[in-house]
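Residues per chain, in single letters:
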Amino acid sequence: QVQLVESGGGLVQPGGSLRLSCVASGFSLDTYRIGWFRQVPGKEREGVSCISSSGRVTMYADSVKGRFTVSRDNAKNTVYLQMNSLKPEDTGIYFCAARRRLLCRLSGHDYDYWGQGTQVTVSS
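Presented here is an overview of the structure given in this document. Just so you know, these numbers come straight off a predicted model, no measurement behind them. (Residues numbered from 1 in each chain as written. Predicted model: local features only at pLDDT ≥ 70, side-chain atom pairs only at ≥ 80, totals over all residues. Heavy atoms only, no water.)

1. A few points about the packing of aromatic side chains
Link 1 in the chain: Here the structure, examined in full by the defined rule, presents 7 aromatic pairs.
Link 2 in the chain: For the ring pair F27 and Y32, a centre distance of 5.0 Å and an interplane angle of 70 degrees mean the geometry is edge-to-face.
Link 3 in the chain: Within the aromatic cluster, the residues linked to one another by ring pairs are F37, F95, Y111 and W114.
Link 4 in the chain: One residue, R45, lies across the ring of F37, its end atom 5.8 Å from the ring centre.
Link 5 in the chain: One cation-aromatic arrangement involves R99 over Y111; the distance from NZ or CZ to the ring centre is 5.9 Å. (Phe/Tyr/Trp six-rings, centres within 6.5 Å; stacked < 30°, edge-to-face > 60°. Lys NZ or Arg CZ within 6 Å of the ring centre and 35° of its normal.)

Here it is as structure tokens:
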């Protein structure tokens, strides 16, 4: 019954913003690193962001630095991805994933749980 559920995706125009949420059930996120990934058909999955269990350490792909912000509210068992200044190339299915290992990383390997994804479309 371990589950991660993403929400908040949708259709926005370039320059717009979205806030994605990742809610865990069946386990507590406060001991996990949480990564965000995106998938576009025909393109390799890309690691977008990662946040430490405490929220003190964050990392971002170069393509989103300065535009995306990851945060977490462990009391709500939720992690957020605030996406600003969105570009068409940000379009894709966004997944959150939980990692028991102690280090944040943007590779999808060694993540234990994955959500079902939420679609983000940036188009004029």
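The structure having been displayed, the exposition proceeds.
2. Remarks on the sheet that holds strand 7 (residues 68-73)
Link 1 in the chain: Read from one edge to the other, the open sheet built from 4 strands follows the order 1-3-8-7, with strand pairing classed as antiparallel. Bordering the open sheet on either side are strand 1 (3-7) and strand 7, each of which pairs with just one other strand. The mean inter-strand angle of the sheet, taken between neighbouring strand axes irrespective of direction, is 15 degrees.
Link 2 in the chain: In the sheet, strand 1 pairs with strand 3 (residues 18-25) via 5 bridges, with the strands oriented antiparallel. Its bridge partner lying in strand 3, Q3 is registered against S25. (Pairing = 2+ DSSP bridges. Helix = DSSP H or I, 4+ residues; strand = E, 2+ residues; numbered from the N terminus. Axes fitted to C-alpha atoms, helices over the stretch in contact; angles between N-to-C directions.)

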